[in-house]
Amino acid sequence: MPTSTRELADRLGLHFGDPALLDEALVHSSYVNEHPEGGTESNERLEFLGDAVLSLVMSEALFKRHRDEPEGVLTTRRAAIVSTRGLARIARRLGIGDALVLGQGAENSGERRRSSVLAGLFESIVAAIYLDRGLEAARDFILEAAAPELDAAVSADTLKAPKSRLQEHAFSSTGRAPAYRIVSSDGPDHDRHFVVEVAVDGTVVGSGEGRSRREAETHAAEAALESIESAATETVTP
């Protein structure tokens, strides 16, 4: 059963002077498209603002936590957290997708689980908090929600996108970029299913699936990195 706005606010410990802001943050454009007569606004404008607030808060937090790291490394850390995939992970952990108001078509096609939708939802909630209670409240919410990512003791290299990491490996070992190939692409336009494989120096090293070519390529790169790292571990094991 979908979570109500009030239930979500209570669960997240949010208190709004203007609850309508949170209501708007939870409305996906598909619902507005199916109910144009209702005069309801989607969360797209809030998503735009929330992206900027998140970038500021994360930049400040990483700047203070990693005082010896140069700009490039800080940029990599921030990108890993505020990327679509990173924000979707936070959104799933908070369970905010249950409160999203979707059109019936989008609901049936699984939009509630899509990473881009969840990331946008999180950004919209951040913007609603910012507009209602100011930057300090938005900062507190963001830092608590992203605490596992901020506190993770990982090197900057492991935070890079899988495709970037695989490309670096391929260039360093073969002098050429990895090659991605679509194995299959099935389903209607609103619910596509892609299967992609990736090869390094002509050898297939991973495959992945997704609802877009980009998502499938990312999963293929992840599988390739796991395979490469596993092979390297076996090589050095006596």
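Here we summarise the structure given alongside this text. Computed from a predicted structure; not experimentally measured.

1. Let's talk about the pairing of strand E3 (residues 203–210)
- One ladder, built from seven bridges, connects strand E2 (residues 193–200) with E3; its direction is antiparallel. Paired with Val198 across the strands is Gly206, a residue of E3.
- Linking E2 back to E3 in an antiparallel pair, the connection comprises two residues, with Asp201 at a positive phi of about 55 degrees.

2. Things to note about unusual backbone geometry
- With a phi close to 55 degrees, Asp201 is a non-glycine residue in the positive phi region.
- As for its placement among the helices and strands, Asp201 is situated in the loop between E2 and E3.
- On the accessibility criterion, Asp201 (47% relative accessible area) is partly exposed.

3. What to know about the pattern of salt bridges
- All chains considered together, the criterion is met by 14 salt bridges.
- Measuring nitrogen to oxygen at the nearest pair gives 3.7 Å for the salt bridge that ties Glu60 to Lys64. Of the two residues, Glu60 and Lys64 both sit in helix H4 (residues 44–65), four residues apart, roughly one turn of that helix.
- Close ionic contact of Lys163 with Glu217 constitutes a salt bridge, the shortest N to O distance being 2.6 Å. Here the residue Lys163 occupies a position in helix H11 (residues 162–174), and Glu217 occupies one in helix H12 (residues 213–236), the gap between them amounting to 54 residues.
- Classification of Glu217 as buried rests on a relative accessible area of 8%.

4. Examining the nonpolar core
- Membership of the largest hydrophobic core comes to 45 residues, with the highest contact counts inside it found for Ile96, Phe122, Ile125 and Phe141.
- Every element with two or more residues in this core is listed here: helix H1 (5–12), helix H2 (19–25), H4, helix H5 (71–82), helix H6 (84–94), helix H8 (115–133) and helix H9 (135–145).
- In terms of residues, this core owes the most to one element, H8, which gives ten residues.
- Once residues lying within four places of it in the same chain are set aside, the contact partners of Ile125 are Leu8, Leu14, Leu22, Ala25, Leu26, Ile96 and Phe141.

5. Some details on the environment of Gly120
- With respect to the secondary-structure elements, Gly120 resides in helix H8.
- Gly120 sits 74 residues away from Leu46 along the chain, and the two C-alpha atoms are 8.8 Å apart.

6. Some points on H8
- Compared with an ideal rise of 1.5 Å per residue, which puts 19 residues at 27 Å, H8 spans 27 Å between its outermost C-alpha atoms and is within 8% of the ideal.
- A positive backbone phi angle near 95 degrees is found at Gly134, which sits one or two residues after H8.

7. Examining the sheet that holds strand E1 (residues 179–186)
- Strand order in this open sheet of three strands is E1-E2-E3, and the pairing throughout is antiparallel. Whereas interior strands pair on both sides, the edge strands pair on one side only; in this sheet they are E1 and E3. When strand polarity is set aside, the average angle formed by the axes of neighbouring strands in this sheet is 20 degrees.

8. Re the packing of H5 against H6
- Interhelical geometry of H5 versus H6 gives an angle of 50 degrees and a closest axis separation of 4 Å. Taken together, the axis directions place H5 and H6 in an arrangement best described as oblique. Contacts from Ala80, Ile81 and Val82 of H5 reach H6 at Thr84, Gly86, Leu87 and Ile90.

The rules we used
- Residues numbered from 1 in each chain as written.
- Predicted model: local features only at pLDDT ≥ 70, side-chain atom pairs only at ≥ 80, totals over all residues.
- Heavy atoms only, no water.
- Pairing = 2+ DSSP bridges.
- Helix = DSSP H or I, 4+ residues; strand = E, 2+ residues; numbered from the N terminus.
- Buried < 20%, exposed > 50% of the residue type's maximum accessible area, 1.4 Å probe, protein only.
- Salt bridge = Lys/Arg side-chain N within 4 Å of Asp/Glu carboxyl O.
- Core = buried A, V, L, I, M, F, W, Y, C linked by side-chain atoms within 4.5 Å.
- Contact = heavy atoms within 4.5 Å.
- Expected span 1.5 Å × (residues − 1).
- Axes fitted to C-alpha atoms, helices over the stretch in contact; angles between N-to-C directions.
- Parallel < 35°, antiparallel > 145°, perpendicular 65-115°, else oblique.

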